[in-house]
Amino acid sequence: MIVAVSALVFSSQAENVSLHGDYVEVRTASVFAGACHYNGEVVTTGRDAMMAWNVTSGKWQGVDLTGVRVMAVVSADANLAEGNAARQSEIIIDSQASRTQALAMVNALKEKYAASLGKVVEVRSAPITFERNGRTYAVMTNEAAINVEAMPNDLCCRMPNLVWYTPLVGLENRKVGYTSKALYSGRVVGEPWSRSGENSAFYGTFSL
């Protein structure tokens, strides 16, 4: 099922909206590393990312979105840390969401995270699994997969000067994660890519 971008209706009403849940993202650059490693990547990589949300409670535009899962794949013409990088994104809504939920969820993402997503070139529906076991995350859909673990002893918190990026969305209790596997095999935005065995992830709790 394709959710037509042209059908999205944005709400400008000051309604009582609040969404909460789990979030994880993986970048194509190490977000926690030594300075030499960071400088070696900053101009050549870090142009792609995958973002995943699992709504645990809340409504948007009067629609209950509890249990809705969504992924976004983002690609840019420069490192995503560059504010003027031209971005494109693909949004994937879990196929278990109703059409009303899908429209409301995409509206929320585009309204709150427009700068991070850039130009949304496609919105589609597909099965998504989002599993969180403590501080281990496993997210999968038909063309993308994320497996992230907590860093041992929260090393990034003890050495914050080696965290070179910020998450693409605002997070509560932001932590750097170790990416055991990240894979994007689609071609909607950018080229297929995979990363593994590096500190290239962020995770935490989102609220909007």
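Preceding this section is the structure that the text describes.
Values in this document were obtained by computation on a predicted structure and should not be read as measured data.

Caption draft 1: Molecular detail of the overall build of the protein. When helices and strands are tallied, the protein shows 4 helices and 12 strands. The C-alpha atoms of the protein give a radius of gyration of 16 Å, which matches the 17 Å a tight globule of 208 residues would have. In terms of principal-axis extent, the alpha carbons of the protein reach across some 45 × 35 × 30 Å. The proportion of buried residues among the 208 residues of the protein is 52%. Here the protein carries 18 positive and 19 negative side-chain charges, and the mean point of each set is 1 Å from the other.

Caption draft 2: A look at the nonpolar core. Formed by 34 residues in total, the largest nonpolar core has its most connected members in Met51, Trp53, Leu65, Ile91, Leu117 and Phe206. With 6 residues, helix H2 (residues 99–112) is the single largest residue contributor to this core. Met50, Met71, Ile92 and Tyr203 belong to the second largest nonpolar core, which has 21 residues in total.

Caption draft 3: Layout of H2. Between the first and last C-alpha of H2 there are 20 Å, a value that for 14 residues agrees with the 20 Å anticipated at 1.5 Å per step. For H2, a buried count of 10 out of 14 residues is recorded, marking the element as mostly surrounded by other parts of the structure.

Caption draft 4: Quick look at the pattern of salt bridges. According to the stated counting rule, one finds 9 salt bridges in the structure shown. Linking Arg27 and Glu25 is a salt bridge whose minimum nitrogen-to-oxygen distance equals 2.8 Å. In this structure, Arg27 and Glu25 share a single accessibility class: buried. Of the charged contacts, one joins Glu198 and Arg195 as a salt bridge, the two residues approaching to 2.6 Å between their closest N and O atoms.

Caption draft 5: Structural detail: the environment of Arg174. Here Arg174 lies in strand S10 (residues 172–184). Taking C-alpha positions, Arg174 is 16 Å from Ser30, a pair spaced 144 residues apart along the chain.

Caption draft 6: Inspection of the side chain of Arg27 at higher detail. The topology assignment puts Arg27 in strand S1 (residues 18–27). Judged by its relative accessible area of 3%, Arg27 falls in the buried class. If near-sequence neighbours (up to four positions away) are discounted, Arg27 is found in contact with Asp48, Ala49, Leu80, Ala81, Tyr165, Thr166, Pro167, Leu168, Arg195, Glu198, Ser200 and Phe202.

Caption draft 7: Highlighting the packing of aromatic side chains. Under the defined criterion, the tally for this structure stands at 6 aromatic pairs. Ring geometry for Tyr137 against Tyr203: centres 5.2 Å apart, planes inclined by 45 degrees, an arrangement best described as tilted. Highlighted residues: Tyr137 in strand S8 (residues 136–141) and Tyr203 in strand S12 (residues 198–207), separated in sequence by 66 residues. Residue Tyr137 shares its accessibility class with Tyr203, and that shared class is buried. Grouped by ring-pair contacts, the aromatic residues Tyr23, Trp53 and Tyr113 constitute a single cluster.

Caption draft 8: Inspection of the pairing of S12 at higher detail. For S12, the buried fraction is high: 8 of the 10 residues fall into the buried class. Bridge count between S1 and S12: 7 bridges; the pairing is antiparallel. Bridging from a neighbouring strand, Gly21 pairs with Phe206 of S12. Sheet topology note: the S10/S12 ladder contains 5 bridges and is antiparallel. Bridge pairing links Thr179 to Glu198 in S12.

Caption draft 9: Examining unusual backbone geometry more closely. Not every positive phi belongs to a glycine, and Gln61 is a case in point at roughly 55 degrees. Mapping Gln61 onto the fold places it in the loop between strand S2 (48–60) and strand S3 (63–64). Accessibility expressed as a relative area gives 24% for Gln61, which makes it partly exposed. For Asn173, which is not glycine, the phi torsion reads 55 degrees and is therefore positive. Within the element layout of this structure, Asn173 appears in strand S10.

About the criteria used
- Residues numbered from 1 in each chain as written.
- Predicted model: local features only at pLDDT ≥ 70, side-chain atom pairs only at ≥ 80, totals over all residues.
- Heavy atoms only, no water.
- Helix = DSSP H or I, 4+ residues; strand = E, 2+ residues; numbered from the N terminus.
- Rg over C-alpha atoms; globule rule 2.2 N^0.38 Å.
- Buried < 20%, exposed > 50% of the residue type's maximum accessible area, 1.4 Å probe, protein only.
- Lys, Arg positive; Asp, Glu negative; His and termini not counted.
- Charge placed at Lys NZ, Arg CZ, Asp CG, Glu CD.
- Core = buried A, V, L, I, M, F, W, Y, C linked by side-chain atoms within 4.5 Å.
- Expected span 1.5 Å × (residues − 1).
- Salt bridge = Lys/Arg side-chain N within 4 Å of Asp/Glu carboxyl O.
- Contact = heavy atoms within 4.5 Å.
- Phe/Tyr/Trp six-rings, centres within 6.5 Å; stacked < 30°, edge-to-face > 60°.
- Pairing = 2+ DSSP bridges.

Remember that the coordinates give geometry; whether it matters functionally is a separate question.
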